[in-house]
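Structural features, examined
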Amino acid sequence: MSKFQFPESIPSRPVYGTLEPRPGKAHLMIADAEGAEALLDLASVDADLVRAAHIIYIPKKTGDTYVEKLRALGPSQLHLSPTYEASVQRIRRVLADAHMGLQVYLAGTEGLMGQAEAEATHAGIPHGAIQSEHRGSVARRMQCVHCKGITEDVMTDPFVCAHCGLHLFVRDHYSRRLAAFQGVCVDAEDPGNVPDPVELYS
Amino acid sequence: MSAAPQKTKAGAEKIDVIVSAIVPLNELVTRFEFKRTDGAPFPPFSPGSHTVVEMDDDRRTRLNPYSLMSDPADTSTYAISVRRDDAGRGGSLFLHNRVEVGDRMMLSYPVNLFPLDLRARKHVFLAGGIGITPFMAMIAHLERMGHRWELHYTCRSKALGTYAEDLTLKHPNKAHVYYDDQEQRIALEELLDGQPLGTHVYVCGPKGMIEWVHRTAAAHGWPEENVHSEEFLAPQPGKPFEVRLCKSGITVQVGENESLLEAIERCGVDAPFLCRGGSCGQCETDVVEADGTFDHRDHWLDEEEHASGKKIMPCVSRFVGKSLVLDR
Amino acid sequence: MTIQFNEETFRDDYSFRNSDRAIRRFPFPFHEDSYMYSVNMERHQGGPAGSVYEMRFDVDEHYVSEMQDRALVLSEDPLRCQSLPHMTLAGWDTLELIMVSKSEDYPDLFELHRDGDRWRWINKPMGIDHSFTFLDETTLPCGPLEYITRQAQGDFAVLDQRDDMLYMDAGMVTTQADWSLDFDIGMDFFEWHAPVPLAHEMGIFKRALKFLLNVRQAAPARRLNWTMTVNPLLDTSPENYHKWGVQKATLTSENIGAKQHLRVELQTFHRLPRSNALLFPIRCYLIAFQDLVTIPKWGRRLHRVVRDLPEELADYKGFIANRPLILDYLGRYDDGLPTSPGVWPDLEMEPPLQK
C-alpha cells in the first residue's frame, strides 16, 4: 500500500479519489510506478473493464515489480514507456483519434496525473470527468513564477529552482494548465536569509 | 461608494419596441418581429439568449420568456417564434390573438441561460418542436464563425415543421428532420457514439426528450459538462394558498393559475426576478416562518436548501399548508 | 473635459505624484473604522460629479504615464496579456465596450466613428488614429483585448461563464496586487481565489459567484478592494517579486509618509453581449500616506483599520512586517475623535486634527 493522506488545503490544490468503473465506449488508463496498484485494485472490482482498456504504464524506479501483474490482466493494449515524456506523443494520438464516451483513469504521482490530465482536457474532456488516484511518491512539479521553468520531483521547502537558481518556497496554489504548483522566491524581502529546507508534509 | 447601495430594479433592463411583423408559420406557431421605437440598433446578444416579453393584458401584466431566434449579428430586428398553447396560462394566446403589427411592447435585455461552449470541437443540436428556436440563432452565429455543427430536429408532422424546410434547404448536410407521424426517430445512441472528443450536445424540447438525452449520454460515457439543455419551466398551476409578506406588511392570496411571484407583483410589491423560470436565482426569497410543505419546482436551490425550508424561488415554486411568511 | 496628464514614472525614480484633485477624489475604501471581507457589490451606474465612480471607465491625470508603464511591462514580459483561443469574441466585446464608453464619456479625448463594421478610433492623449474592421483580427496590430487594454487604465480579467462557474480565460494584468495571470489563466472562481485567507470559510466567494453569474447586460456592478505598496510601483507582480520585495524593508519613520501607499482597486463587472463573458476591470489607485492624512477623517480611520486588522489579513496583504512602523506614523493622525460613516472626505463636517 502506498496511499498517502494529503492534508486539507486551499481550493486550487487537487484532491484525488479512488478509481471506479464508469460506463464508457473506451477506457484509457495511464499510470506510473506504484500507480499500477490502483489499476490492479480496479481490475479486482471490474476485470472486464480493464480487459477492454488501453494501458500506458511508466514503471520508473519500480522496474519489473508490476509489469507481469498488469500483463496478466489481459488489457487490449499495454504499452510500457521508460518515461512520461516518451509517452506524450502516443497519448496525444490516442486522444486525437478518440470519440466521445472515452473514460480516462490516471494513477500514480501528482506529476504524471497532472500532465496527463492537461493533455486530456486540451483534447476536450472536462477535468471533472477524469478520474485520478494518487499512489507512491508525494514529490511535486514546481513552476518558478520568476523564470517560468519547471523543477521536477521537489521534496523540500524551500528548494532551488533547477533553471534560474533562486531559492523558492513551495505553495499549495496549483495550475491545472501547467500541471504544477507555484514556487516563489523565499528571500525576496530579506535577500540571503534562506530557511533550512524541510521535507514536504513533515 | 454610497452609504446606501442603489436599489436594483427588478428584472433586466428594458427596451421599448413596436411589433414590426407577425408571420404565421403554421397552425400552431407564429413569428413576431420587433423594432426599437427609438430606431436605434438592438443590443447584440449571444445565441441561446431569451428575452422576457412584457404584455399588457388589460387585467394584468404578463411576463413571458422567449428564445431570441433572430441572427445575433442582425441588430435591426429581434424575433421570437411562439407556439400557441390553448391549455396554457394565456401568454401565448395573448400574443396570437390580441397583438397586432404596430403595437408597442417592452422587451427585456437578452439573458443567456443556454449558451454555446465556444471551446467545443463540434456542436450537436437536438430540437423537439418549438425547441428549435434557440438553435436558429446558434446556427446563424456558428455559420458566420465557421464552426462545426449538426442539427437533429423532431417535428410532429410536415405541416407543423416550423422552419424545417428552410433549414434543410439551406443546410442539406447538417440539418436533419424527423417527423413523428412518419415514425422517424433520432438514432441517438449511434449519433452520440460517433462524435469526436470535445463535442458538445444541446437539447431543447419537451421534458421527456431532455431527460432521454441526458440519460443516454451518461450511459454512453459522456461527461455531464458536455450535455446542455434548456427547458422553460412555465409555472405550473396549483392549489391556491396564502402568504404573508412581512416587510411589505401585506397578506397575498396566490391564485390557482398564477405563480407566487406573479401574485406578489400583482399586489404591488417589487420583487426581484430575472428568468422567471426557476433557473437563475434572482428571485431567491428567505422564508421567515412556515407551517406546511414546500413544493419546490426550481433548478436553483440545492437539496439542502430545499430541505431546510428557509428559502423559496417564487417564480415557479408553491406551498401547501397553514401559514407562510416571506421576507419581502 | 480637459485633463492635464502627468509625466511621471511608476518605477526607478518613482516620480508619480497625485494632484490635489486626485487626492480629493481618491477612492477611499473604508466606510467605518474597521475592515472585514464582505460581498460589497453595488450598481456601477454613475456617481458624484468628478468622482472616480462617475464614468464607466475613469480616465485621470495618470492615464498617459500608466499606459507607458504598461507598454514597458509588456515588452519585458509578454505573458502578462493572454487570451485562450475561444476568448477572441469576448475580446471584441471588450474593445467595443471600452471604445463606446470612452468616446461617449470623454468626447474631447476619444472619438469612435462607425460605418457598419468599418470603425475609426481616435485616442488623442495617446496620439492614435486607427481604422479597422470590427470582428476581423487581421485589421488590428494585435488581438482586440490587448489592443484596447493597452489604452485603458487598470487590469482586465475576462471571465468565461460556463456550467454556473466563471473561468479566468483571458486578461491583461500589469498592475496587479501580486498574482500571476500566466499561472492562474484557465482557473475557476474558487481556484484563483484559493490563496485568500479566511474568505472561503466565510462563504464570501460562494455568494459573490452567485451575484456575478447574474450580472446582466447594461447593468454593471462595482466594489472596492485594497492593499498597501511601498513606493508607487504598479507592477507588483509575483514574477518580479524577487526584485521589488526588498523595497518593503527600506521603510523608515522618516520616509514612510512619502513611500508607503494605500492601494485601492475599483473593481467593476460588465456582462459582454456576444460572448456572454464577464469583463472584470481592476482599476488601481495609489495614494501616499502623507497625502492621505491631509484628509483628517481618512487619517483617523486608516489608523484604526490597520490597528485592528486580523493578522492573517495583514499578512496576506503583505504589510505585516511593517505594521508597527505604519501604526506609529498613522497614530500621529488619529486624535480619537469620532468619524462619520461612509467613505467620503466630508471636509466640511470633519474637524481638523486635534493634536
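Residues numbered from 1 in each chain as written. Chains lettered and ligands numbered in written order. Predicted model: local features only at pLDDT ≥ 70, side-chain atom pairs only at ≥ 80, totals over all residues. Heavy atoms only, no water.

**Thoughts on the overall build of chain A**
Helix and strand counts for chain A come out as five helices and twelve strands. The C-alpha radius of gyration of chain A comes to 18 Å, within 12% of the 17 Å expected for a compact globule of 202 residues. Dimensions of chain A, computed from the C-alpha atoms along their principal axes, are close to 60 × 35 × 30 Å. A total of 202 residues make up chain A; the buried ones form 53% of that total. When contacts within chain A are restricted to residue pairs at least 6 apart in sequence, long-range pairs at least 24 apart make up 64% of them. For chain A, the exposed area adds up to about 8900 Å²; of that, 51% sits on carbon and sulfur atoms. (Helix = DSSP H or I, 4+ residues; strand = E, 2+ residues; numbered from the N terminus. Rg over C-alpha atoms; globule rule 2.2 N^0.38 Å. Buried < 20%, exposed > 50% of the residue type's maximum accessible area, 1.4 Å probe, protein only. Contact = heavy atoms within 4.5 Å. Areas by Shrake-Rupley, 256 points an atom, 1.4 Å probe, with all protein chains shown as cover.)

**Digging into the packing of helix α11 (residues 296–308) of chain C against helix α13 (residues 323–331) of chain C**
Residue and element names in this part refer to chain C. Relative to each other, α11 and α13 sit at 150 degrees, their axes nearing to 9 Å. Accordingly, the angle class assigned to the pair α11 and α13 is roughly antiparallel. The handedness of the crossing between α11 and α13 comes out as left-handed. Of α13, the residues touching α11 (which contributes L302, H303, V306 and R307) are R323, I326, L327, L330 and G331. Its residues placed into classes, the contact of α11 with α13 shows five nonpolar, two polar and two charged. (Axes fitted to C-alpha atoms, helices over the stretch in contact; angles between N-to-C directions. Parallel < 35°, antiparallel > 145°, perpendicular 65-115°, else oblique. Left-handed = near helix turned anticlockwise from the far one by under 90°. Nonpolar A, V, L, I, M, F, W, Y, C, P; charged D, E, K, R; others polar.)

**Things to note about the domain arrangement of chain A**
Residue and element names in this part refer to chain A. On domain assignment, one finds that chain A holds domain 1 (26–134) and domain 2 (140–199). With centres defined by C-alpha atoms, the gap from domain 1 to domain 2 works out at 28 Å. Contacts between domain 1 and domain 2 engage nine residues on the former and nine residues on the latter. Around 610 Å² of area is buried between domain 1 and domain 2 when both sides are counted, 48% of it from carbon and sulfur atoms. Seen at the junction of domain 1 and domain 2, the total is one salt bridge. In this structure, R176 and E117 form a salt bridge, with 3.2 Å as the shortest nitrogen-oxygen distance. For the pair domain 1 and domain 2, the interface holds three residue pairs in polar contact (both at pLDDT 80 or more). (Domains from an automatic or database assignment. Buried area = accessible area lost by both parts, 1.4 Å probe. Salt bridge = Lys/Arg side-chain N within 4 Å of Asp/Glu carboxyl O. Polar contact = N/O pair within 3.5 Å; in protein donor to acceptor, adjacent residues only side chain to side chain.)

**Quick look at the sheet that holds strand β17 (residues 318–326) of chain B**
Sheet strands pair by backbone hydrogen bonding; their relative direction is either parallel or antiparallel. If you walk across this open sheet you meet the five strands as β14-β13-β17-β15-β16 (chain B), and the pairing is mixed. The sheet terminates laterally at β14 (250–254) and β16 (311–312) of chain B, the two strands that pair on one side only. (Pairing = 2+ DSSP bridges.)

**What to know about the interface of chain B and chain A**
On the side of chain A, 17 residues touch chain B, which itself brings 17 residues to the contact. Buried surface at the junction of chain B and chain A, both sides included, amounts to about 1300 Å², of which 60% is carbon and sulfur. Counting across the interface, chain B meets chain A through one salt bridge. D193 of chain B serves as the salt-bridge partner of K25 of chain A, at 3.6 Å between the closest nitrogen and oxygen. Our enumeration of links across chain B and chain A arrives at three residue pairs in polar contact (both at pLDDT 80 or more). Breaking the side of chain B that touches chain A down by element, the ones donating at least two residues are α4 (188–193) and α5 (207–219) of chain B.

**Section: the packing of aromatic side chains**
Residue and element names in this part refer to chain C. Evaluated as defined, the whole model comprises 40 aromatic pairs over all chains. Seen from their ring centres, F10 and F16 are 5.5 Å apart, and the 40 degrees between their planes marks the pair as tilted. Judged on exposure class, the residue F10 and its partner F16 are both buried. Between F189 and F190, the ring centres sit 6.1 Å apart and the planes meet at 70 degrees, which makes this aromatic pair edge-to-face. On the basis of relative accessibility, which here comes to 4%, the residue F189 falls in the buried class. On the basis of relative accessible area, F190 is assigned to the partly exposed category, the value being 25%. (Phe/Tyr/Trp six-rings, centres within 6.5 Å; stacked < 30°, edge-to-face > 60°.)

**Quick look at the interface of chain B and chain C**
Taken together, the contacts link 31 residues of chain B with 24 residues of chain C. Carbon and sulfur atoms supply 52% of the area that chain B and chain C bury against each other, a total of about 2500 Å² over both sides. Ionic pairing is found between K210 of chain C and E305 of chain B, a salt bridge with its closest N-O pair at 4.0 Å. Classifying every residue of the side of chain B that touches chain C by side-chain character gives 15 nonpolar, nine polar and seven charged.

**Quick notes on helix α2 (residues 63–76) of chain C**
Along its 14 residues, α2 of chain C runs 20 Å from first to last C-alpha, staying within 8% of the 20 Å computed at 1.5 Å per residue. For α2 of chain C, the set of buried residues is Y63, V64, S65, E66, M67, D69, R70, V73 and L74 of chain C. (Expected span 1.5 Å × (residues − 1).)

**So, the pattern of salt bridges**
Counted by the stated rule, this structure contains 66 salt bridges over all chains. Of the charged contacts, one joins R135 of chain A and E37 of chain A as a salt bridge, the two residues approaching to 3.0 Å between their closest N and O atoms. With R135 of chain A in the loop between β5 (131–134) and β6 (140–144) and E37 of chain A in helix α1 (residues 35–45), this residue pair connects regions lying 98 residues apart in the sequence. Relative accessible area serves as the criterion here: at 1%, R135 of chain A is assigned to the buried category. In this structure, the salt-bridge partner of K148 of chain A is E239 of chain C, at a minimum N-O distance of 2.9 Å. Of this pair, K148 of chain A sits in the loop between β6 and β7 (150–154) while E239 of chain C sits in the loop between β8 (221–230) and α8 (241–244), each in a different chain.

**What to know about the domain arrangement of chain B**
Residue and element names in this part refer to chain B. Split into domains, chain B comes out as domain 1 (14–112), domain 2 (122–230) and domain 3 (241–326). Between domain 1 and domain 3, the C-alpha centre-to-centre distance is 27 Å. The partner domain 3 presents nine residues to the seven residues of domain 1 that form the contact. Buried area between domain 1 and domain 3, both sides added, is near 620 Å², and the carbon and sulfur share of it is 54%. Here domain 1 is connected to domain 3 by zero salt bridges. Put simply, domain 1 and domain 3 have zero residue pairs in polar contact (both at pLDDT 80 or more) between them. Where the side of domain 1 that touches domain 3 is concerned, the elements lending two or more residues are β3 (49–57) and β4 (60–67). Here the side of domain 1 that touches domain 3 gets three residues from one element, more than from any other, and that element is β4. Of the residues belonging to the side of domain 1 that touches domain 3, the class tally is four nonpolar, one polar and two charged.

**Thoughts on the side chain of H303 of chain C**
All names here are of chain C. Relative to the assigned elements, H303 resides in helix α11. Among the polar contacts listed, one links the side chain of H303 to the side chain of D334, at a separation of 2.8 Å. Beyond its immediate chain neighbours, meaning those up to four positions away, H303 contacts L327, L330, G331 and D334.

**Here's the deal with α11 of chain C**
Counting along an α-helix, one turn takes 3.6 residues, and residues three or four places apart therefore face a common direction. Residues and elements named next belong to chain C. For α11, which comprises 13 residues, the first-to-last C-alpha distance of 19 Å matches the rise-based estimate of 18 Å (1.5 Å per residue) to within 8%. Among the 13 residues that make up α11, eleven are buried, leaving the element largely enclosed by the rest of the structure. Every buried residue of α11 is accounted for by P296, K297, W298, G299, R300, R301, L302, H303, R304, V305 and V306. Considering only its buried residues, α11 is in contact with α1 (20–24), β8, β9 (260–271), α10 (289–292) and α13.

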